Structures are given as C-alpha cells and as structure tokens.
Amino acid sequence: MKMQGRISLALCGLLLAGVLLLVDTSARAQAGVLYVSPDGACGGATPCYAVIQDAVDAAGEGDTVKVAEGTYGRPGAYIVHVTKGMAIIGGFATGDWLTSLPETQPTVLDAVGTLGRRGIVVEAGSGGPVWLEGLVVQGGLAAPAADGGGIYVAGGSVTVHRCKITANTATGTVGGGGGGVFLQAGALTIRESTILNN
C-alpha cells in the first residue's frame, strides 16, 4: 500500500510539473509580440505602447514590435536604440495587425533635424538578428563629427527591409560618413528599400 501511494504521488507530481510547463510556455509565446501606436491605443491588442523605445525596452530577445502608422519622435540621441535581437515592423493599422502596408500606412521615425539625434541605433552585439521593416527614417542629424544620421549599426546582424531612409545627415571633419546608413561594426543587409536625399 505504501509503494502504491508513493507511485501515485510521483505521478501527480509529474502531471503538475507538465501542466505548469505548458502554462509557462503558452505565456511566453503570447508575450512575443508588442504593439505601438502614436496615441497608445492599439485597437485592443496588448501590450500596447505610445513610444517605440518603451516597447523595444520591454521586448525580449527574439520578440517582434509591430508599429502602427503615424509619426514618432522622442528627445535624446536617437528615436530607437536596439540592443538585442528582435524585429521592428511598421506599416500597420490599429484595426489590422496582420498586414503591413508601409506605402499607404507609413510609420515615420522623425528626428526633425535635431543636432546629435539619429533615427535608429543598433548595438545588438552577440544577440540574435535585428530585422527592421516598413519604416520611414528621416531627419536624423549625426553630429558633431559623427556617422549614420538615419541608421547607425555598431554591432549585430541587421536587415533593413522595405524601408525608406531619407533627409538624414552626418556632419563633421572626422566622421561624417553615411548620412542615411552607416555600418560601424556587425553585418548589414538592405533589401527592397529606398535611400534618398541623405
């Protein structure tokens, strides 16, 4: 009788552990997508943010940040700073988070020509790949003596896909390279994108 009781108890323990593992895996899978809209209202999708950087900071390695159409900016040296492997995809409407249409629903990261402010800085190091898609990056001004006004890659494996990078500047007698995009370190692939008037 004692042996039967121990076996039953062990089976119950294994069953409970399996259920807890299943719940934990399900919760992590649901946390893989974060949403951003300019007013912080994402049509019921959660978690929802009004600032792209807040979503990027909250995201885990390998997560996706989906950004609704609109114009985004913030004070400081960059609009978005990426330090881990993740995807940032723009061009969504808050009523449809499945279809990215950046041509008709532009997601604009606008540094408004503020001295020393870049659009996107990537320093992902040894993390997973960084995927940037469906974004308009404009008005970056890397200065003084700095590179990469629009997108500056200082580490990581980065893909820029279906983006428009325009009206960005890099200035200075030392540095001042890559007004639109500059690769300092890491790897960079640009696909189906427009780099114009930088």
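See above for the structure.
Engineer: Would you take a moment to explain unusual backbone geometry for this structure?
Structural biologist: Negative phi values dominate among residues other than glycine, just as trans dominates among peptide bonds. The linkage connecting threonine 46 with the following residue, proline 47, adopts the cis geometry, with an omega of -5°. The topology assignment puts proline 47 in the loop between strand S1 (33-36) and strand S2 (48-49). Here the amide bond leading from alanine 143 into proline 144 is cis, since omega sits at -10°, within 30 degrees of zero. Residue position: proline 144 is located in the loop between strand S11 (141-142) and strand S12 (151-155). Positive phi is not limited to glycine here, since glutamate 192 has a value of about 50°. With respect to the secondary-structure elements, glutamate 192 resides in the loop between strand S17 (187-191) and strand S18 (194-196). Among the residues examined, glutamate 192 registers a relative accessible area of 65% and is labelled exposed.

Engineer: When you look at the sheet that holds S2 in this model, what are you seeing that I'm missing?
Structural biologist: Within a sheet, adjacent strands bond to each other through the backbone by hydrogen bonds, running parallel or antiparallel. Taking strand neighbours across the sheet as the criterion, the 7 strands line up as S2-S1-S3-S6-S9-S13-S17 in an open arrangement whose pairing is parallel. Each having just a single partner strand, S2 and S17 make up the two edges of the open sheet. Two elements, strand S9 (residues 130-133) and strand S13 (residues 157-161), share 4 bridges in a ladder whose sense is parallel. Paired with tryptophan 131 across the strands is threonine 159, a residue of S13.

Criteria and thresholds
- Residues numbered from 1 in each chain as written.
- Predicted model: local features only at pLDDT ≥ 70, side-chain atom pairs only at ≥ 80, totals over all residues.
- Heavy atoms only, no water.
- Helix = DSSP H or I, 4+ residues; strand = E, 2+ residues; numbered from the N terminus.
- Buried < 20%, exposed > 50% of the residue type's maximum accessible area, 1.4 Å probe, protein only.
- Pairing = 2+ DSSP bridges.

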